[in-house]
Amino acid sequence: MARMAGRRTLFAAPVLLAVTFGVFAIADLSPFDPVKAYAGTAGLTASQADLDQLRLNLAVDRPLVTRWWDWLTSALTGDLGTSSVMRRPVADVIAERVGWSALLAACAFAVAVLVGTVFGVLAARRPGGLLDRIVSGLAYTLEAAPAFWLGLLAIWFFSVRLGALPSGGLTDAGSDTIGFGQVASHLVLPTLVLGLSQLPWFFLYVRQGVADALAEDPVRGARARGLAERTVLLGHGLRSGMLPMLTLIGSRVPELITGALLVETVFSWPGIAAATVQAATSVDFPLLAALTVLATAAVLAGNLLSDLLYGLADPRVGFDG
């Protein structure tokens, strides 16, 4: 296990280097001017000399490779630079937002895995039955529904029509303290929406995996020996059927990140979504590069986690192979 993790870490280094350079290259080709974005409305009346001086101060007049290398060498020492849009160190911007994004993603991921597994097992017991047809139809419908549309629908129903849950934000309007109760109530809707957007894949994988496992000879033999159906389903069918889902965990991380950005925007959740949008539209090189590296590292970590879980669940899979 340690050897495989080490190999993956070594492989991640050139990937992250390529990603950061790609961010700077794409931003360099962008039609947005970071100087005008930094100056704001003052840039509309500023002279060309003032804009040129500001461009020199922000160090965006240097060649692409030079800017990227300077940022990279500083990042390796822990200095991620200063956000030109938020006028704050990039490390501070990420530190105060990434925790809320991680909380939302973790809760939504737990909802998707748990609910998808439960309904997947129940549907696999009787393939083609009433429950299987209903839940599979809902899963395919959710699979085609955009996360932002689900978010708007949830706000309309639970907040506007029923008034049962807050429509967005982290705390109630006018509140200057962050309490557990307020955060929990504001977390419900974005968690459900993000979880529902990821649930179809987990349900379909578990359903298919458990259904295939229940049709195998070892499971038939267990039933022939008189084992209880619950033991057969959970001890044999679920364990074998969960293996394909473990490989799904890593592949869903990019979709989870993308969905989280959309859901955070709809519900005004104070995560990294707003920072990502501002960094992209304003060509904020340091912040954009740091957020992209963070997302790439999350994807690589998700892939590693899925491989480790698969190897632990199936002894036939070797870590050093």
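Since we're looking at a predicted model, the values are computed, not measured.

Scanning the protein for helices and strands turns up 12 helices and two strands. What you see in the protein, going N to C, is helices and strands ordered as α-α-α-α-β-β-α-α-α-α-α-α-α-α. Burial status across the protein gives 38% buried among its 321 residues. Long-range contacts, defined here as pairs at least 24 residues apart, represent 74% of the contacts in the protein between residues at least 6 apart.

For any two helices packed against each other, one specifies the inter-axial angle together with the distance between the axes. With their axes 8 Å apart at the nearest point, helix H6 (residues 130–144) and helix H8 (residues 180–214) run at an angle of 135° to one another. Between H6 and H8, the interaxial angle falls into the category oblique. Of the two possible hands of crossing, H6 and H8 adopt the one that is left-handed. From H6, Asp132, Val135, Ser136, Ala139, Tyr140, Leu142 and Glu143 reach across to H8, where they touch Leu196, Pro200, Trp201, Phe203, Leu204 and Arg207. A class-by-class count of the residues in the contact of H6 with H8 yields nine nonpolar, one polar and three charged.

The terminal C-alpha atoms of helix H4 (residues 64–76) lie 18 Å apart, and with 13 residues this matches the ideal 18 Å at 1.5 Å per residue to within 8%. Downstream of H4 by one or two residues, Gly78 has phi in the positive range, about 100°.

Right, let's get into the confidence of the model for the protein. Mean pLDDT for the protein: 79, with 82% of residues reaching 70 or above. When the elements of the protein are averaged for pLDDT, helix H2 (residues 34–39) gives the smallest value, 66, and helix H7 (residues 147–161) the largest, 90.

A few words on a nonpolar patch on the surface. A surface patch of nonpolar side chains, about 960 Å² in accessible area, is lined by Phe148, Trp149, Leu152, Leu153, Trp156, Phe157, Phe158, Val160, Leu162 and Leu262. Per-element tally for the nonpolar patch: the top contributor is H7, with eight residues. As for its position among the elements, Phe158 is in helix H7. Judged by relative accessible area, Phe158 falls into the partly exposed class, the value being 31%.

Before going further, it helps to spend a moment on the nonpolar core. Taken as a class, soluble globular proteins show a tendency for nonpolar side chains to be buried jointly. One finds Leu194, Phe202, Phe203, Val210, Val263 and Phe267 to be the most contacted residues of the largest nonpolar core, which totals 45 residues. When residues of this core are traced back to their parent elements, those giving at least two are helix H5 (90–125), H6, H7, H8 and helix H10 (229–267). In terms of residue count, the dominant contributor to this core is H8 (13 residues). Val23, Leu72, Ile272 and Leu291 belong to the second largest nonpolar core, which has 21 residues in total.

Turning next to the side chain of Thr296. Structurally, Thr296 is set in helix H12 (residues 285–313). A polar contact of 2.8 Å, which involves the side chain of Thr296, links it to the backbone oxygen of Thr292. Ignoring anything within four residues of it in the chain, the contact list for Thr296 reads Val15, Leu16 and Val19.

So, on to the packing of aromatic side chains. When we look at a pair of aromatic rings, we describe it by the centre distance and by the angle of the planes. This structure, assessed with the given rule, holds six aromatic pairs. With a centroid separation of 5.2 Å and an interplanar angle of 85°, the aromatic rings of Phe21 and Trp68 are classed as edge-to-face. Remark: Trp68 occurs in helix H4 and Phe21 occurs in helix H1 (residues 2–29); sequence separation between them is 47 residues. Assessed through its relative accessible area of 32%, Phe21 is described here as partly exposed.

Right, let's get into the pattern of salt bridges. Taken as a whole and judged by the stated rule, the model has two salt bridges. Between Asp132 and Arg207 there is a salt bridge whose closest N-O contact spans 2.6 Å. Highlighted residues: Asp132 in helix H6 and Arg207 in helix H8, separated in sequence by 75 residues. For Asp132, a relative accessible area of 4% puts it in the buried group.

All right, on to the packing of H7 against H8 then. Packing of H7 against H8 brings their axes to within 9 Å, and their N-to-C directions diverge by 140°. By the angle between their axes, H7 is oblique relative to H8. The chirality of how H7 crosses H8 is right-handed. In contact with Ala147, Leu150, Gly151, Ala154, Phe158 and Ser159 of H7, H8 contributes Leu189, Val193 and Ser197. Its residues placed into classes, the contact of H7 with H8 shows six nonpolar, three polar and no charged.

This part takes up the environment of Met242. Inspection of the secondary structure assignment puts Met242 in helix H10. Linking Met242 and Val206, residues 36 residues apart in sequence, is a C-alpha distance of 6.0 Å. Residues contacting Met242, with those up to four places away along its chain left out, are Thr117 and Val206.

Turning to its location among the elements, Ser83 is positioned in strand E1 (residues 82–83). For Ser83, a relative accessible area of 1% corresponds to the buried category.

About the cut-offs
- Residues numbered from 1 in each chain as written.
- Predicted model: local features only at pLDDT ≥ 70, side-chain atom pairs only at ≥ 80, totals over all residues.
- Heavy atoms only, no water.
- Helix = DSSP H or I, 4+ residues; strand = E, 2+ residues; numbered from the N terminus.
- Buried < 20%, exposed > 50% of the residue type's maximum accessible area, 1.4 Å probe, protein only.
- Contact = heavy atoms within 4.5 Å.
- Axes fitted to C-alpha atoms, helices over the stretch in contact; angles between N-to-C directions.
- Parallel < 35°, antiparallel > 145°, perpendicular 65-115°, else oblique.
- Left-handed = near helix turned anticlockwise from the far one by under 90°.
- Nonpolar A, V, L, I, M, F, W, Y, C, P; charged D, E, K, R; others polar.
- Expected span 1.5 Å × (residues − 1).
- pLDDT = per-residue confidence, 0-100.
- Patch = residues over 30% accessible without salt bridge, like charges linked within 9 Å, V, L, I, M, F, W, Y side chains within 5 Å.
- Areas by Shrake-Rupley, 256 points an atom, 1.4 Å probe, with all protein chains shown as cover.
- Salt bridge = Lys/Arg side-chain N within 4 Å of Asp/Glu carboxyl O.
- Core = buried A, V, L, I, M, F, W, Y, C linked by side-chain atoms within 4.5 Å.
- Polar contact = N/O pair within 3.5 Å; in protein donor to acceptor, adjacent residues only side chain to side chain.
- Phe/Tyr/Trp six-rings, centres within 6.5 Å; stacked < 30°, edge-to-face > 60°.

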